Each structure stands twice: as structure tokens, then as C-alpha cells.
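A closer look at the structure
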Amino acid sequence: MFESLQKKLSGVFKNLSGKGKLTEKNIKDAVREVKLALLEADVHYKVVKEFVEKVKEEALGEKVLESLTPDQEFIRIVRDSLIEIMGGNKNNKINISKNPAFIMLTGLQGSGKTTTAAKLANKYKKKGRNPLLVAADTYRPAAIDQLIQLGQDIGVPVFSGDKKDAVKITEDSKKYAQRNLHDIVIIDTAGRLHIDEIMMKELEEIKNILEPEEILMVVDAMVGQDAVNSAKEFNDKLDLTGFIITKLDGDSRGGVIISIQYITNKPVKLVGVGEKIDDLEEFYPERYVGRILGM
Amino acid sequence: FSGRTLDEDTLEELEEILIMSDMGVDVVEKILEELKDKYHNKITDQEDPLLILRDIMVSHLSTSPLILDTSNAPLVVLLVGVNGSGKTTTAAKLAKIYMNYGKDVVLAAADTFRAAAIEQLKEWGNRLNATVIAHQKGSDPAAVVFDAISHAKAKSKDVIIIDTAGRLHTKSNLMDELKKIKRVVQREIEGAPQEILLVLDGTTGQNGIIQAKAFKEAIDITGVAITKLDGTAKGGIAFAINHELNIPIKLVGLGEKEDDLQIFDPVKYCNALLGIEE
Ligand SMILES: Nc1nc2c(ncn2[C@@H]2O[C@H](COP(=O)(O)OP(=O)(O)OP(=O)(O)O)[C@@H](O)[C@H]2O)c(=O)[nH]1
Ligand SMILES: Nc1nc2c(ncn2[C@@H]2O[C@H](COP(=O)(O)OP(=O)(O)OP(=O)(O)O)[C@@H](O)[C@H]2O)c(=O)[nH]1
Ligand SMILES: [K+]
Ligand SMILES: [Mg+2]
Ligand SMILES: [Mg+2]
């Protein structure tokens, strides 16, 4: 469906002024191709605008204009700038230094919180830890059943308290975890819209009770331009520690990965790559640049 | 916008609105070309560029009503889509719509894969007082569908709504499973499934087009149900799907409750997308 950016760029740079020298027009055309590729990948409009301005400025510097392989040089600038938005090519680990360590999962409806909670618990169980899952979604039909079934599959207990009040369940889970010597506690919350004030308040209350080391927003890789609105609002209300991007096993470009990190300055820590329990991976920015640019 | 002319600034603002609605650059360019043409050649009585744009968008939306006629009962509605888009909830809300028209509805729990998907639909069945046909987790979804059809025939039900497991359009084995479900329905009831609805998350970006294309190619889609438009997402991808693939939008999801599903209204949708107050 998409022609690769690489191809388009070499096309742009082929029409040089004859002497093998780049002109400003070449750079402008190349920048336009990058802009289109990023928009096609669902990077937010305003993020794209600011980003390409920066790339243009840098590309107009000597290095590209004088280079014998300007397309390579140009792509390098784009790549490096994208990786910089993602905080450099390092993996940001989940913090679990406290005992018990509380990890709270939040996000919009259907993004993959419950599945990811179980995946995370499974990961720690395999490492010899003693995790507890907490079912604090009292709204969606059978949400608690879902987590209980997943917990059974992986042999991790699920605390669901009175099954009625998410804040109360959270409070009680804290005592339960301490009594039963759980060293990692993962809280699954109900999906909610960032504009739902009552529901956002509930998350703030849960946060205040647990003082979690990690407050992660679980985000669907297929989301488009609206991602920045929800991520910004969740971050403003909860001061997130990072993101988990799910459903990257599909063919979406995942431009959301750029947008939300650019807007919130919080890292992506893990990615979901399937529906199965082991389909959770660490996030390395470099891997996603090619995907986002369609190369 | 009213009183404004279609200068570079206005065009850029409109482009921004449209791209931020997830309509996609290609479609946005085409629509804006048409706007310029209409505006400059005065092929419209409107003065306000925003309203001209709205009218152009509305004129592009090919609509097709949700099938309500059950005289050749049972009417079969198959819901498909990627993971978490809102299929199960939409199945329940849709049951409510048909029940409001006095139809007898049976729900088929053909998501036998995801944890507690069956319980989720059963819970909805309880709330709505509608029958849910279900098997064990892990069983063959096509067998569930077969049973739901037998039940509907035996009890003279009007409508069968089939909830399927979420699947990414890139997974061919899962797409084959859908084809099998469709074949069973076709074999058991002539002319069915009358509706095959793609349930699309309203926050979806450009991948939505690829999804729609893949589901269309695999099992043919009769319409789109776009969910979660009660948030701040505009759902412009549904316009792009309609425009590029000629698949009508039929339903709009506006919340998590049983009554939060509306029949698609092109003018309302375009107004909301463009931020025009009604
Ligand atoms: N393909 C794929 N599917 C995923 C992934 N993560 C989750 N899912 C699926 O996405 C759907 C939604 O997942 P849930 O875990 O129920 O999402 P949730 O955020 O808890 O949903 P709510 O509680 O309703 O807000 C399910 O069908 C999951 O199997 C992933 O990485 N890849
Ligand atoms: N705000 C809002 N939430 C919705 C809407 N439709 C569905 N949801 C929520 O989205 C989440 C996922 O909905 P489901 O109906 O379980 O989605 P699904 O497509 O069946 O998911 P899988 O079976 O896991 O693929 C749930 O939390 C629903 O309550 C809607 O129109 N608006
Ligand atoms: K989703
Ligand atoms: Mg959940
Ligand atoms: Mg479902």
C-alpha cells in the first residue's frame, strides 16, 4: 500500500541540479516526504509540524548539502531525531524496588489493560517472584471473571475484594498483599475516557492509596490523532511513569509511539505483540523508527 | 469561519481539522480540492467555507440503513473487528435496538477464545433479558453459530446477533475462521448473513482503512459500526473508509450502556467532526 520512504527520498535526491549538489528545493521536497510518511503513520499533526521544522533546519546545514550520499545523510537526521524524542535508544525498565511494588495499569476502553496485567504477572512469576493481580474494574461486564481466568491460567492469585467498589478493593488489596507476602502487585483498572471526570477521580484516589511505583497507561498501537489528547490528560491527572503499547503484532505504523512520548516526555516501557500470555516485549526505540517511517 | 474567505490560512486551518480527525492525507487533499473548486466557481449558495465543506462531506457519504426487516426471519447480523474495538458491547446494544422494535433476539457467543468473553456476553444477555447461546471456552465458534441458528429456527426468533473474537486482519488463520462462520450461516439460512458489520474503534488511525479492506476482502462487509465517539476522537477514518472503499457507516457507539448506540446520521457526524455546533 505504501511506497517506502527510502525510495521516495532517493527519488527526490536523484533530481539534483546536475553538479551533484543539493539545493534547498531538494531538502524541502524531502522534508515533505517525511511529513507525509509521519502523518500516514498517525503521528500527531502538530508533532509532525514541529518535527519537520527541526529536521529541515538541520538538513540545511553543511553536512547534508555537501554530502555525496545526501539521502543517507538525510535519513540519518530523521532517524536520530525520532530516537531522540523517544529518549535515546535505551530500554526503560519497570521499577519494582519497593516491597511490595505496586504497578497500576490505566487507559482507554479496550486498549489491553487486563490482558497486559496478566502478561506482566506471568513475567514476574517466571522470574521467581510472588505477584498478585488486583481486579479493580467493577464496571465492565465480566471484567473480574476475565482477570480471574487469566490468573488461573498462569497460577497467579487474583484479589477482587467486594467486587463492587474499585477504591475499596484497592485498599483491601494492600493489606492482603502484605499479609500474603506478595512482592509485586499489579492493579487492573476499568477502561475510561480521559474526559470522564468522575472516573478519572477514581484513578487519582487509587493512586493516593497505593502510591504505586509505576503508573502505566496502556495504549493501543492502532490509535490515531486523538492519542495525544488522552495521553496528555492521563499524564496531567496521574503523572504517569510510562506507557505500554499493545497490538503491535498487527500492521499499524504505530506513530502514537512518537506522539505520546513527544507530548508527555514519558517513556514507552513495554510493548504487547499478541494475545498470548508471553506476547510482551521490552521496548527499544530503534526498532520502531523503521516501522513508523515505513522502511 | 462564517464571513471568512477561502484564503491560505483558512485552508490550512481546515486541513488541520480534517487531518486531526484521522481522515488521512489523501482523502483530505481530495476533499479540499473539491472545496476550492466549489468555492471559487461558485457552485454553491453557501458563503461559509466550513459549511460548504460539511455539505461536500455529507454528499460523499453513501448511506444504507440498518436492516430491520425480519419477514424472511431469522435475520443474521455478524459482528467482526480487531481486538477491543467494541464488538461484544455493540452486540448487546444492537440487541437492544432490535428489541425496541419488538423483535425477538438471540445472541451467539462465538468468541470462544478470549478469557471471559462468554461470561461478558452472558452478563449482557441477563441485563437485556435476551437468550445467549454459548459453548465451552475453546470450542469451535462455527458450532456455536450452528446451534444459535437451530435455536432461532426452533423458537421462531427474529434476529441472531453473532459476537466474534477480536482478530487482527493480518492473521490469516483467524480470518479463515470467520469465513467458516459465514459459510455455516449461508448454508443454514438462505440470504444470510444479511448484515456483516465491521466494528471499528473511533480512535483508530490510518490502519482503519487497511482493516476495512482486509475484512471486506475476506468476508464482505455490509457496514461499519464506529464506537467510542463519546470521547474526543472524531472518527474521520470512517469517512475515509466510506470514501475509499464504499462501505457505508451504519451505527455509532456513544458510550458503554445498552442505549448508547445510534443509527448513523451523516449531518450529525460531519458537524461533530468539523466542530460545528448544531
Ligand atoms: N493482537 C493483540 N491483541 C491484544 C494485545 N493485547 C491485548 N489484546 C486483545 O485486545 C482485546 C482487549 O484486551 P483487554 O485486556 O480486555 O483490554 P482492556 O483494556 O482491559 O479493556 P477494558 O477493560 O474493556 O477497558 C482482547 O481481545 C485482547 O486479547 C496485543 O498485544 N496484541
Ligand atoms: N466509551 C465507550 N466505550 C465503549 C463503547 N463501546 C464499547 N466500549 C468499551 O470498550 C471496551 C471493549 O469493548 P468490548 O465490547 O469488550 O470490545 P470487543 O471488540 O468485544 O473486544 P474483544 O472481544 O476483546 O476483541 C469495553 O470497556 C466497553 O465498555 C463506546 O461506544 N464508548
Ligand atoms: K481499541
Ligand atoms: Mg479490562
Ligand atoms: Mg468481545
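Residues numbered from 1 in each chain as written. Chains lettered and ligands numbered in written order. Predicted model: local features only at pLDDT ≥ 70, side-chain atom pairs only at ≥ 80, totals over all residues. Heavy atoms only, no water.

**Remarks on empty space enclosed by the protein**
- Enumeration over the complete set of coordinates arrives at five cavities of 30 Å³ or more.
- As a volume, the largest cavity reaches approximately 130 Å³.
- For the largest cavity, the lining is made up of 17 residues, of which L108, S111, D220 and V223 of chain A together with T203 of chain B are closest to its centre.
- Put simply, the parts of the chain that give the lining of the largest cavity at least two residues each are strand 5 (214-220) and helix 10 (227-238) of chain A.
- Residues belonging to the lining of the largest cavity are distributed by class as follows: six nonpolar, six polar and five charged. (1 Å grid on protein atoms, 1.4 Å probe; cavity = no way out; pocket = protein on both sides within 12 Å on 5 of 7 lines; lining within 4 Å. Points joined across faces, edges and corners; volume = space filled by probe spheres on them. Helix = DSSP H or I, 4+ residues; strand = E, 2+ residues; numbered from the N terminus. Nonpolar A, V, L, I, M, F, W, Y, C, P; charged D, E, K, R; others polar.)

**Some remarks on helix 1 (residues 8-19) of chain B**
- Counted at 1.5 Å a residue, the expected span for helix 1 of chain B with its 12 residues is 16 Å, and the 16 Å between its end C-alpha atoms agrees.
- Every buried residue of helix 1 of chain B is accounted for by T10, L11, L14, E16, L18 and I19 of chain B.
- Packing partners of the buried residues in helix 1 of chain B comprise helix 2 (24-40) and helix 3 (45-59) of chain A together with helix 2 (25-40), helix 3 (49-60) and helix 10 (266-274) of chain B. (Expected span 1.5 Å × (residues − 1). Buried < 20%, exposed > 50% of the residue type's maximum accessible area, 1.4 Å probe, protein only. Contact = heavy atoms within 4.5 Å.)

**Re the interface of chain B and chain A**
- Between chain B and chain A, the residue contacts involve 40 residues of the former and 39 residues of the latter.
- For chain B, the biggest contributors to the area lost against chain A are M20, N83 and T232 of chain B; these three give 14% of the whole.
- Counting the contacts that link chain B with chain A gives four salt bridges.
- Of the charged contacts in the structure, one is a salt bridge between D249 of chain A and K171 of chain B, with a shortest N-O distance of 2.3 Å.
- Remark: the boundary between chain B and chain A carries 19 residue pairs in polar contact (both at pLDDT 80 or more).
- Of all the secondary structure elements, the ones that give two or more residues to the side of chain B that touches chain A are helix 1, helix 2, helix 5 (117-128) and helix 8 (207-219) of chain B.
- Top element by residues in the side of chain B that touches chain A is helix 5 of chain B. It accounts for five residues.
- In terms of residue class, the side of chain B that touches chain A is built from 12 nonpolar, 14 polar and 14 charged. (Buried area = accessible area lost by both parts, 1.4 Å probe. Salt bridge = Lys/Arg side-chain N within 4 Å of Asp/Glu carboxyl O. Polar contact = N/O pair within 3.5 Å; in protein donor to acceptor, adjacent residues only side chain to side chain.)

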